[in-house]
Amino acid sequence: MPHILALDQGTTSSRAIVFNEAGSIVAMAQQEFPQHFPKSGWVEHDANDIWNSQETVAREALKKANLTATDIAAIGITNQRETTLLWDRKTGEPIGNAIVWQDRRTSSYCDDLERSGGDILIRRKTGLLIDPYFSGTKVNWMLEHYDGARKRAEAGELAFGTVDTWLVWKLTGGAVHATDPTNACRTLLYNIHEEQWDDELLQLLDVPHEVLPEVKPSSGVFGECAADSIAPGVPIAGIGGDQQAALFGQTCYTPGMAKNTYGTGCFLLMNLGEEPRPSKHNLLTTIGWKLGEAPTHYALEGSVFIGGAAVQWLRDGLGIIKSAPEVEPLAASVPDSGGAYMVSAFAGLGAPHWDPEARGMIIGIERGTTAAHLARAALDGVAFRVADLLTAMNEDAGVPLKELRVDGGASANNLLMQIQADLLQVPVVRPECVETTALGAAYLAGLATGVWRNTEELAAHWKIDRTFEPQISADEAAERHRQWSRAIERAKKWQEL
Ligand SMILES: Nc1ncnc2c1ncn2[C@@H]1O[C@H](COP(=O)(O)OP(=O)(O)O)[C@@H](O)[C@H]1O
Ligand SMILES: O=P(O)(O)OC[C@H](O)CO
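Note that the coordinates shown come from a computational prediction; the quantities given were computed from them, not determined experimentally.

Participant: Please explain the pairing of strand 8 (residues 158-161) as it appears in this structure.
Facilitator: Put simply, side chains in a regular strand alternate between the two faces of the sheet. Side chains Leu158 and Phe160 project from strand 8 onto one buried face, and the interleaved Ala159 and Gly161 project onto a second face that is buried too. Where strand 6 (residues 85-88) and strand 8 come together, 4 bridges link them in antiparallel fashion. Residue pairing across strands places aspartate 88 opposite leucine 158, the latter belonging to strand 8.

Below, the structure is given as structure tokens:
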């Protein structure tokens, strides 16, 4: 029976999951790795931590599954997107820490780009907008600030990559420097209509062509793992940025279907089919997947930078819970947040506000406010941000969404899912397998290697665990939303002050 090894390299942890032919989990291993916050607004990862943790969990998962490389038909990779790495092509050594997607250091460069009119070009060609979130301004920063980097880059000595590219490089022993369109389209350098790196954008962001990886279909063979790697000779046959991979793993194959992933951040994606429609409400148009030579599928995306990370902050920053799951009983011990609102704009605000200068805020605290109210306000805050996205998405789509599929670590929280259904006023549906990000990567790899024939076969694997129906009236949801909108307005542009 063929198995697929999915490598899921997330923002806070690396995971490896072995799936069988039925799309069920056979074994799984996970390891957190250090986060670095060297300055206000800066977030970095050590590229070697990323690789070492990923390699360790891959070995562990294979061991738990009692399998060796010969039992693995293919490897699928899915990854935190936009996080930017530059390494030496000869030694394979990173030239500095990876700059993480949440990092805001390029805010003022983004302002310059905006002032010079770059926004229109970027929107038209990439489906994105100017924000420090995306890789392009981060590569530019590295080239400007790391000693001799620009010269070396122009001489072809350095390789740029998102995390998928780095993992492929390491797995293949430096033989393959490649990415897929779902990752390339998050760099500000890739034209989503022409489906290639774009000279005009490269010039705008001052990034030399020499550093770029080759872009290959999301489902297709990228290369084989090196002889001394964790899986000698096994093909790497699928790559998807984690949010698009989750859309694929949730089997949202029909235009109009949508999912929201509750991980470190929250990411709402809707399938757009083969048409890269622009958003009128500051959402992103992004590449959903490219299966071999078949036409590319696009998606509309809304991003909330802090999702489950708000719960991490309650744990690590405030110390009011010891583990993430503890937030649920604590928040459920009060009927509501007692008038407190938490805007967890710790890393600025993403869609549809796009305000890198917004910062976190708790408002409405009274003498009776307790840790339980704050826990409740944190969960409410996550659900409100997702509801903001869905409002924008419904307006873009012209047809309101009928149900929302959910996944990711924090989707295990039943209270959060109920709050979400109440605020959205549509059913929230959680599948049996919430590891849909890894599953999506496994599906991409398995389709390319004949484990599965087509997406119809994959859609038959998807099964409901629980549906959360709205339990409050539309009027009450609107009233809660009105208060929330007042709160979020106060958190905007704070850093500037
Ligand atoms: N029961 C829970 N309730 C709320 N948040 C949770 C719960 N379990 C995990 N989380 C949050 O979910 C996030 C981890 O989800 P995961 O999908 O592993 O994220 P990522 O892939 O971004 O690393 C963490 O931020 C954690 O705080
Ligand atoms: O690591 P996650 O799951 O929060 O995902 C991060 C996103 O890919 C950032 O765009």
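Don't stop here, the text continues.
Participant: Help me understand the site of ligand 1 in this model?
Facilitator: In the vicinity of ligand 1 there are 16 residues, among which Thr12, Thr264, Gly308, Gly409 and Asn413 approach most closely. For ligand 1, an oxygen atom lies 2.9 Å from a polar atom in the backbone of glycine 308. A distance of 2.9 Å is found between an oxygen atom of ligand 1 and a backbone nitrogen or oxygen belonging to glycine 409. When the free accessible area of ligand 1 is taken as 570 Å², the share hidden by the protein chains comes to 86%. In terms of residues, the shell around ligand 1 owes the most to one element, helix 10 (residues 308-318), which gives 4 residues. Within the shell around ligand 1, the residues separate by chemical class into 6 nonpolar, 9 polar and 1 charged.

Participant: Got a minute to help me understand the pattern of salt bridges in this structure?
Facilitator: Pairing is possible between side chains that carry opposite charge, provided their charged atoms lie close to one another. The final tally for this structure, using the stated rule, is 30 salt bridges. The partner of arginine 105 in a salt bridge is aspartate 103, and the shortest N-O contact between them spans 2.9 Å. Relative accessible area serves as the criterion here: at 11%, arginine 105 is assigned to the buried category. What makes aspartate 103 buried here is its relative accessible area of 1%. Arginine 104 is the salt-bridge partner of aspartate 131, the closest N and O atoms lying 3.3 Å from each other. Residue aspartate 131 is located in the loop between helix 3 (118-126) and helix 4 (135-145), and its partner arginine 104 is located in the loop between strand 7 (98-99) and helix 2 (107-115); the two are separated by 27 residues in the primary sequence. Arginine 104 shares its class with aspartate 131; the two are buried.

Participant: Just to check I follow, could you spell out the packing of helix 12 (residues 371-397) against helix 13 (residues 414-424) for this structure?
Facilitator: For any two helices packed against each other, one specifies the inter-axial angle together with the distance between the axes. At their nearest, the axes of helix 12 and helix 13 sit 9 Å apart, and the two run at 40° to each other. In terms of orientation, helix 12 and helix 13 fall into the oblique class. As for the relative orientation of helix 12 and helix 13, their crossing is right-handed in sense. Side by side, helix 12 and helix 13 meet where Arg376, Leu379, Asp380, Val382, Ala383, Phe384, Val386, Ala387 and Leu390 of the first sit next to Leu415, Leu416, Ile419, Gln420, Leu423 and Leu424 of the second. When the residues that make up the contact of helix 12 with helix 13 are grouped by side-chain class, the tally is 12 nonpolar, 1 polar and 2 charged.

Participant: I tried to follow the sheet that holds strand 1 (residues 3-9) on my own but got confused; where do I start?
Facilitator: Consider a sheet: its strands pair through backbone hydrogen bonds, and that pairing is either parallel or antiparallel. Taking strand neighbours across the sheet as the criterion, the 6 strands line up as 3-2-1-5-14-13 in an open arrangement whose pairing is mixed. A single partner strand is all that each edge strand has here, and the edge strands are strand 3 (25-32) and strand 13 (219-224). Strand after strand, the sheet turns through a mean of 25° between neighbouring axes, direction not considered. Across 3 bridges, strand 13 lies against strand 14 (residues 235-241) in antiparallel orientation. Its bridge partner lying in strand 14, serine 219 is registered against glycine 238. Contacting strand 1, strand 2 (13-19), strand 5 (72-79), strand 13 and strand 14, helix 14 (residues 436-448) crosses the sheet at an angle of about 135° to strand 5.

The rules behind these values
Residues numbered from 1 in each chain as written. Chains lettered and ligands numbered in written order. Predicted model: local features only at pLDDT ≥ 70, side-chain atom pairs only at ≥ 80, totals over all residues. Heavy atoms only, no water. Buried < 20%, exposed > 50% of the residue type's maximum accessible area, 1.4 Å probe, protein only. Helix = DSSP H or I, 4+ residues; strand = E, 2+ residues; numbered from the N terminus. Pairing = 2+ DSSP bridges. Near = heavy atom within 4 Å. Polar contact = N/O pair within 3.5 Å; in protein donor to acceptor, adjacent residues only side chain to side chain. Areas by Shrake-Rupley, 256 points an atom, 1.4 Å probe, with all protein chains shown as cover. Nonpolar A, V, L, I, M, F, W, Y, C, P; charged D, E, K, R; others polar. Salt bridge = Lys/Arg side-chain N within 4 Å of Asp/Glu carboxyl O. Axes fitted to C-alpha atoms, helices over the stretch in contact; angles between N-to-C directions. Parallel < 35°, antiparallel > 145°, perpendicular 65-115°, else oblique. Left-handed = near helix turned anticlockwise from the far one by under 90°. Contact = heavy atoms within 4.5 Å.

Read these as layout, nothing more, since geometry by itself doesn't imply function.
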